[in-house]
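The chain contents come next:
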Amino acid sequence: MSADASVAEGDGTPVVPSNGKGALIVLVAFFVFSATDAIVKIMAGTIPAPQVTFLITATALILLLTHSLVTGRFRRLIPRQPSLAFWRALLLALDTLLIHYAFATLPMAEAYLIAFLTPILVAMLSFVFLGERLSRIGWLGVLVGFAGVAVALKPGAAPLNFGHLAAFASAVLFSLSLILLRRTKMAETDEALVASLLVVMTPVAFAVAAISGELKPLDLPLFGYAVAGGVLMIVGNALLVRAFRVGEASVVAPFQYSQIIWGCLYGFFLFSTPVEMHTLMGAAIIIFSGWLVLK
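What you see as residue numbers is a count from 1 along each chain, following the sequence as written. With pLDDT at 70 or above as the cut-off, local features in this predicted model cover only qualifying residues; side-chain atom pairs require 80 or more to be listed or tallied, and sums for whole chains, interfaces and linings still use all residues. Side-chain measures were taken over the full set of non-hydrogen atoms in the model, leaving aside hydrogen atoms and water.

J.: Help me understand the overall build of the chain, please; the structure alone is not making it clear to me.
T.: Within the chain one finds 12 helices and 2 strands. Counting only residues that meet the buried cut, the chain has 49% of its 295 residues in that class. Look at the contacts in the chain between residues 6 or more apart in sequence, and 86% of them connect residues 24 or more apart. Here the accessible surface of atoms and residues is derived via Shrake-Rupley with a 1.4 Å probe, and residues count as covered only by protein chains that are part of the display. Surface exposure of the chain reaches about 14,000 Å², of which carbon and sulfur atoms provide 73%. Each helix is a run of H or I in the DSSP string that is no shorter than four residues. Each strand is a run of E no shorter than two, and both are numbered from the N terminus. Here's how the labels work: a residue is buried when its accessible area is under 20% of the maximum for its type, exposed when over 50%, partly exposed in between, all with a 1.4 Å probe on protein chains only. Contacts were defined at the residue level, with two residues in contact if any of their heavy atoms lie within 4.5 Å.

J.: Teacher, can you tell me more about the packing of helix H8 (residues 190-212) against helix H9 (residues 220-246) here?
T.: Angle between the axes and distance between the axes are the two parameters that describe a pair of packed helices. H9 packs onto H8 with a crossing angle of 130° between their chain directions and a minimal axis gap of 9 Å. Regarding the angle of H8 to H9, the classification is oblique. Crossing of H8 over H9 shows right-handed handedness. Residues Asp190, Leu193, Val194, Leu197 and Leu198 of H8 pack against Met233, Ile234, Asn237, Ala238, Val241, Arg242 and Arg245 of H9. The residue classification treats Ala, Val, Leu, Ile, Met, Phe, Trp, Tyr, Cys and Pro as nonpolar and Asp, Glu, Lys and Arg as charged. All others, Gly included, are polar. Here the contact of H8 with H9 is built from residues that sort into 8 nonpolar, 1 polar and 3 charged. Angles here are taken between N-to-C directions and fall from 0 to 180 degrees, while the axes themselves are lines fitted to C-alpha atoms, restricted in helices to the stretch in contact. Orientation categories follow fixed angle ranges, with anything under 35 degrees roughly parallel, anything over 145 roughly antiparallel, 65 to 115 roughly perpendicular, and all other angles oblique. Throughout, a crossing is termed right-handed when the near helix is turned clockwise from the far one, and left-handed when it is turned anticlockwise from it by less than a right angle.

J.: Help me understand the nonpolar core in this model?
T.: Across soluble globular proteins, you tend to see nonpolar side chains buried next to one another. By nonpolar core we mean a set of buried residues, namely Ala, Val, Leu, Ile, Met, Phe, Trp, Tyr and Cys, connected to one another through side-chain atoms within 4.5 Å. In terms of nonpolar packing, the biggest core is built from 64 residues, with Met43, Val149, Leu198 and Phe244 touching the most fellow members. Setting aside residues up to four positions removed in sequence, Met43 forms contacts with Val52, Leu55, Ile56, Leu222, Tyr225 and Ala226. The next biggest cluster of nonpolar side chains, apart from the first, holds 8 residues, and it includes Ile99, Ile114, Ala166 and Ala167.

J.: Hey, could you run me through the environment of Gly141 in this one?
T.: Position of Gly141 relative to the elements: it lies in helix H6 (residues 136-153). Residue class for Gly141 comes out buried when judged on its relative accessible area of 0%. Taking the C-alpha atoms as reference points, Gly141 and Leu292, 151 residues apart in sequence, are found 4.8 Å from one another. Beyond its immediate sequence surroundings of up to four residues, Gly141 is in contact with Ser289, Leu292 and Val293.

Structure (structure tokens):
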């Protein structure tokens, strides 16, 4: 992908492809997603996780709709390819349900390690469906990044169960959603891609929260966290869409590994979780893997 070959998004706005720019944007996106996860962890100490997911998703949808109406950009929320937008959003909704189940039945390290198969799956699927090719160094970078995750997390041995299957299925669904994002990005605006996700995610999250039967009353601080989480969800997804618009999926996806680094930082500053030497070693390997992917 050459930097001087311009493309356009759904409304005709020109976009200049750049793997370097895409990598930088997606790093910020995963930083924001990790901040959202931190807010979820804080709220989940008071109310059930499905209720947290619904509150943040619904708040994000309300904020996005309000902003579009105030700025007169509501038409940009309407997808031009509603079927593709719906299927991508549904894949992400199911991905969320599966990874939450995995977190409930597995040690976090086990679930994270399996979920971080996503960049490898994206590289493979991008080759099959999009014709994108990583160099040998790029493939080495993807595999080195996964090794860095393993070093950072030090997963223990555990018998295989449905949690492992759910985590793997989650990685597959997230990978497919990223491939669909790559296929639909030129026909849709960034706002439409984010809005379609929230429109599907909100009722799914509500259904899970209602079925759980553990809905609890809310207080003012929880609403404040929900607003902050909603804003971060919009920003994170908007940045993710933009990163995959300007960069190749097989190059951008491996930077998901950076969430290990961001998660350690948030854990240290917000929850006083110590950062251990193996975590720093893993982070260094992950940074090196990102450099290889961009070679």
